Amino acid sequence: MTEPGPRTAPSRVRADIAHNARVWNHWLGGTDNYPVDRVVGDRVTGMYPSIGEVARADRAFLGRAVRHLAGDVGIGQFLDIGTGLPTAENTHEVAQHTAPDARVVYVDNDPIVLAHARSLLTSSPEGATEYIEADARDPERILRAAGRTLDLRRPVAVMMLGILNFVLDTDEARAVVTTLMDALPPGSHLVLTHPTLELGGEGNEAAMRFWNENATPPITARSRTEFASLLDGLEILEPGIVSCSRWRSGPTPRTPEVAQFGAVGRKP
């Protein structure tokens, strides 16, 4: 039996150190990862057993948010920053299932994500799906490149799921969001998730320390107040800032919380 994961690494990929996109893929049950990713991912799971639930809840939140925006709100353009490795129910698949002419731009700066995205993220005939290589901390570059596919004069849904936790300085994270949303018209939306220690994430603190010592890029948790500040100036949709597992999760009242905030804000 062969080892799961890519047989060879693109020239710029470090296969000797765990990387978030590949470890996240491992937690979601994927095979696009290396032995080092599985070792670190399994150590984190041992320290924080619910991390797999966080990954799955984050992905399910993405689906609910995109379906709401593409269907109920009528947003036809999505800018997904910090895409990660393709898996089931990607943004363009959810959006174009609801609105076949939806246009989606993915952004990541990991070369292995780039290689997979170009081969797997194919659009519906009516819509468009593009991938750009850029760092989340360079919003001006993202906007310039995205403008080749998206009409930035019309509302856009900016997806930033589990990405601002890699921008360690909160002021810088706020500045990234502000630059993006200032460039977009009213009716645009911001979709965020972010790890926290405030929703039963006690074991997460030690796991994050281990991650920062053994993997890349480094990560930080944020409080509810810090997370809320990323949405300053936006109208936060109901049910507000909640565990991402409980954002519009249906009639079941006892959906377990995960230690990951989720929220959607609308630019007035």
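Just so you know, these numbers come straight off a predicted model, no measurement behind them. Within any chain, residue numbers begin from 1 and follow the written order of that chain's sequence. Where local features are concerned, this predicted model is filtered to residues with pLDDT of at least 70; where side-chain atom pairs are given and counted, the filter is 80 or more; whole-chain, interface and lining totals use all residues. Excluded from the side-chain calculation are hydrogens and water; included are all heavy atoms of the structure.

**A look at the nonpolar core**
Heads up, the condition is: The term nonpolar core refers to a set of buried residues drawn from Ala, Val, Leu, Ile, Met, Phe, Trp, Tyr and Cys, joined through side-chain atoms within 4.5 Å. A 1.4 Å probe rolled over the protein chains alone gives each residue an accessible area, and that area as a share of the maximum for its type sets the label: buried under 20%, exposed over 50%, partly exposed in between. We count a stretch as a helix when DSSP gives it H or I for four or more residues in a row; a strand needs E for two or more, and each element gets its number in order from the N terminus. Two residues form a contact once any of their heavy atoms are found within 4.5 Å.
Membership of the largest hydrophobic core comes to 84 residues, with the highest contact counts inside it found for F78, L79, I81, V158, M160, L164 and L190. No other element matches helix α3 (residues 51-73), which puts ten residues into this core. Discounting residues that sit within four places of it in the chain, I81 has contacts with V107, A136, I142, V158, M159, M160, L161, I163 and L180.

**So, the packing of helix α6 (residues 139-146) against helix α7 (residues 170-182)**
Applicable threshold: Axis geometry follows a simple rule: fit a line to the C-alpha atoms, using only the stretch in contact for helices, then measure angles between N-to-C directions, giving values from 0 to 180 degrees. By definition in this entry, angles of less than 35 degrees are roughly parallel, angles greater than 145 are roughly antiparallel, angles of 65 to 115 are roughly perpendicular, and the rest are oblique. Crossing handedness is defined as follows: a turn of the near helix away from the far one that is anticlockwise and smaller than a right angle gives a left-handed crossing, while the clockwise case is right-handed. Charged residues are taken to be Asp, Glu, Lys and Arg, nonpolar residues to be Ala, Val, Leu, Ile, Met, Phe, Trp, Tyr, Cys and Pro, and polar residues to be all remaining types, Gly included.
Interaxial distance between α6 and α7 falls to 9 Å at its minimum, and their mutual angle equals 30°. As far as their axial angle goes, α7 and α6 are roughly parallel. For the element pair α6 and α7, the recorded crossing hand is right-handed. Here P139, E140 and L143 of α6 come into contact with α7, specifically with V176, T179 and L180. Here the residues of the contact of α6 with α7 sort into four nonpolar, one polar and one charged.

**Considerations on the packing of aromatic side chains**
The following threshold applies: Pairing of aromatic side chains here covers Phe, Tyr and the six-membered ring of Trp, requires ring centres within 6.5 Å, and sorts the geometry by plane angle: under 30 degrees stacked, over 60 edge-to-face, intermediate tilted.
Under the counting rule described, the total for this entry stands at three aromatic pairs. The interplanar angle of 70° and the centroid separation of 6.0 Å between the aromatic rings of W24 and W27 together place this pair among those described as edge-to-face. Note that W24 and W27 are positioned in helix α1 (residues 20-27) at a spacing of three residues, about one turn of the helix. Residue classification places W24 among the partly exposed residues on the basis of a relative accessible area of 23%. Given the relative accessible area of 11%, W27 is considered buried.

**Concerning the layout of surface pockets**
Our working rule: Cavities and pockets are defined on a 1 Å grid built over the protein atoms alone: a cavity is a set of grid points where a 1.4 Å probe fits but cannot escape, while a pocket is an open set with protein on both sides within 12 Å along at least five of seven lines, and lining residues are those with an atom within 4 Å of any such point. Grid points are joined across faces, edges and corners, and a volume is the space filled by probe spheres set on the points.
Size it by volume and the largest pocket reaches roughly 840 Å³. If you trace the largest pocket, you find 48 residues lining it, with N20, G162, I163, N165 and F166 closest to the centre. Elements represented by at least two residues in the lining of the largest pocket include exactly α1, α3, β2 (77-81), β3 (103-108) and α8 (202-214). Counted by class, the lining of the largest pocket contains 27 nonpolar, 14 polar and seven charged residues.

**Remarks on unusual backbone geometry**
Excluding glycine, residues mostly have negative phi values, and the peptide bonds linking residues are mostly trans. In this model, T216 is joined to P217 through a cis peptide bond whose omega is -10°. Residue position: P217 is located in the loop between β7 (215-216) and α9 (224-229). Backbone torsion omega between E238 and P239 reads 10°, so that peptide bond is classified as cis. Positionally, P239 belongs in the loop between β8 (235-236) and β9 (242-243).

**Concerning the pattern of salt bridges**
Quick reminder of the rule: What counts as a salt bridge is simple: a side-chain nitrogen of Lys or Arg found within 4 Å of a carboxyl oxygen of Asp or Glu.
Tallied over the full model, the rule gives six salt bridges. D151 is paired through a salt bridge with R153; the nearest N and O atoms lie 2.9 Å apart. On the accessibility criterion, R153 (72% relative accessible area) is exposed.

**Let's talk about α6**
Rule in force here: The arc refers to the directions leading from the helix axis to the C-beta atoms.
Of the residues making up α6, those classed as buried are P139, I142, L143, A145 and A146. All buried residues of α6 lie within an arc of 170° about the axis, which places them on one face of the element. Buried positions along α6 lie against β2, β3, β4 (128-133) and α7.

**Thoughts on the confidence of the model for the protein**
Formally: What pLDDT conveys is the predictor's confidence in a given residue, as a value from 0 to 100.
Here the protein shows a mean pLDDT of 88. Residues at 70 or above account for 89%. Under a pLDDT of 50 for its full length, residues 1-11 has, in the predicted model, 18 contacts with residues more than four places off or in other chains.

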